[in-house]
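# Summary of structural features
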There are 2 protein chains.
Amino acid sequence: MKLSEDTISKEVIYKGKIINLEKHKVKLPNGETSEREIVLHNGAVSILALTPNNEVIVVEQFRKALEHTLIEIPAGKLEVGEKRESAAIRELEEETGYYTEDLTLIGEVYGCPGFANEKISIYFANNLKEGKADLDEDEFLNIKKLSIDEVKRRVSSGHIEDAKTLIAFQYLLLNYNHSK
Amino acid sequence: MKLSEDTISKEVIYKGKIINLEKHKVKLPNGETSEREIVLHNGAVSILALTPNNEVIVVEQFRKALEHTLIEIPAGKLEVGEKRESAAIRELEEETGYYTEDLTLIGEVYGCPGFANEKISIYFANNLKEGKADLDEDEFLNIKKLSIDEVKRRVSSGHIEDAKTLIAFQYLLLNYNHSK
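Residues numbered from 1 in each chain as written. Chains lettered and ligands numbered in written order. Predicted model: local features only at pLDDT ≥ 70, side-chain atom pairs only at ≥ 80, totals over all residues. Heavy atoms only, no water.

Taking an unreviewed UniProt entry as the reference, chain A is identified by name as ADP-ribose pyrophosphatase belonging to Mammaliicoccus stepanovicii. Turning to chain A, the UniProt record has this under Cofactor (unreviewed entry): "Mg(2+)". Looking at chain A in UniProt, the text filed under Sequence similarities (unreviewed entry) is "Belongs to the Nudix hydrolase family." (UniProt positions renumbered as here; feature names shortened; annotations may be inferred.)

## Let's talk about the UniProt feature "domain: Nudix hydrolase" (unreviewed entry) in chain A
UniProt records the feature "domain: Nudix hydrolase" (unreviewed entry) at residues 40–168 of chain A, using the numbering of this structure. Taken end to end, residues 40–168 of chain A is 22% helix and 38% strand, and its first and last C-alpha atoms sit 24 Å apart. (Helix = DSSP H or I, 4+ residues; strand = E, 2+ residues; numbered from the N terminus.)

## Brief notes about the sheet that holds strand β9 (residues 119–126) of chain B
Residues and elements named next belong to chain B. Spatial strand order, β7-β4-β9-β8: four strands in an open sheet with mixed pairing. In the strand order of this sheet, the two ends are held by β7 (75–77) and β8 (102–110), each with one partner. Between one strand and the next, the sheet's axes are offset by a mean angle of 20 degrees, whatever the strand orientation. (Pairing = 2+ DSSP bridges. Axes fitted to C-alpha atoms, helices over the stretch in contact; angles between N-to-C directions.)

## Side note on the packing of aromatic side chains
Residue and element names in this part refer to chain A. Scanning the model with the defined rule gives four aromatic pairs over all chains in all. Between the aromatic rings of F124 and Y171, the centroid separation amounts to 6.1 Å while the plane-to-plane angle is 50 degrees, which identifies the pairing as tilted. Of this pair, F124 sits in strand β9 (residues 119–126) while Y171 sits in helix α3 (residues 163–175); the two residues are 47 residues apart in sequence, bridging distant segments of the chain. With relative accessibility at 2%, the residue F124 sits in the buried group. Taking the relative accessible area as the measure of exposure, Y171 reaches 15% and is therefore buried. (Phe/Tyr/Trp six-rings, centres within 6.5 Å; stacked < 30°, edge-to-face > 60°. Buried < 20%, exposed > 50% of the residue type's maximum accessible area, 1.4 Å probe, protein only.)

## Some points on the environment of B:Y14
Considering the arrangement of structural elements, one finds B:Y14 in strand β1 (residues 6–15). Taking the C-alpha atoms as reference, B:Y14 lies 20 Å from B:A44; in sequence the two are 30 residues apart. Apart from residues no more than four positions distant in its own chain, B:Y14 is found in contact with A:I13, A:L21, A:K23, A:E37, B:I19, B:N20 and B:L21. In this structure the side chain of B:Y14 is engaged in a polar contact, spanning 2.9 Å, whose partner is the side chain of A:E37. (Contact = heavy atoms within 4.5 Å. Polar contact = N/O pair within 3.5 Å; in protein donor to acceptor, adjacent residues only side chain to side chain.)

Rendered as structure tokens:
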């Protein structure tokens, strides 16, 4: 079956700091018309960082959209024109102080494909060197370190609330599960 | 460190069919003010469905936000007032024709917590009974079935582009990896 939807017209509803919102009038595969609400985002990167002590670095951060804090692997938005791998190295250092260029791509996924084009790259970072964090002026977070056993417990108990973090933790358990 | 951001004022920018957009003026933990752009969504469910032949059901669907098709596990939006488990049973049957009440919750995650409150519940569905699909009028998709070995290949090669689907596939490999 042909699945694509042709764009008849686009309306820009909002142009913001982090996102833009558009409404597209589309022609459906059956010839009917419909409307699609679309959030445009520049993309993001996130990093599953394993310290020399085999601990995983997570950050606790208030997320206004949820009105509560969330435990996540370090992550951040792509700057305009920035390469994804460079952004991952930069974000890890800014948020945690750790530095590495030893990155492996775990995957690149859309978190909310029903309405948003945000693509997030998830990297595994190894061989970390310790340094000094340097947060953005509107960024506030607590750094925590989890043992691999703690990661396993949190995955098994279903208490990971962030999609990229759950993907990263499951990757770790599939590939580095030393306690098996 | 105190992380929460107090709301000073809210502006409703858009009220739509699937999402609303708001701009919140907030007081940051350091006392400064900032703005947060927030997409509000009613939530969604998705289903990792294993057929009696040990195949996983996926749907190929055009996603206008991405301007291409995406391979995903069956999923859909919560209707107003609907329970998540009922929505999962309904969406699986509507999209694939398969019916079951044998659901296990894999997790509940936010896909884009930086700007959106969409929470997606991911269920594992077993003991499926075959029936007849019944799609929404603006929904067009192709159904495919993947063997567990094919799921493993797609996860290893990093070719899963949808966050909930990658979480579900990794869950399957961590818990039902018969080919180990």
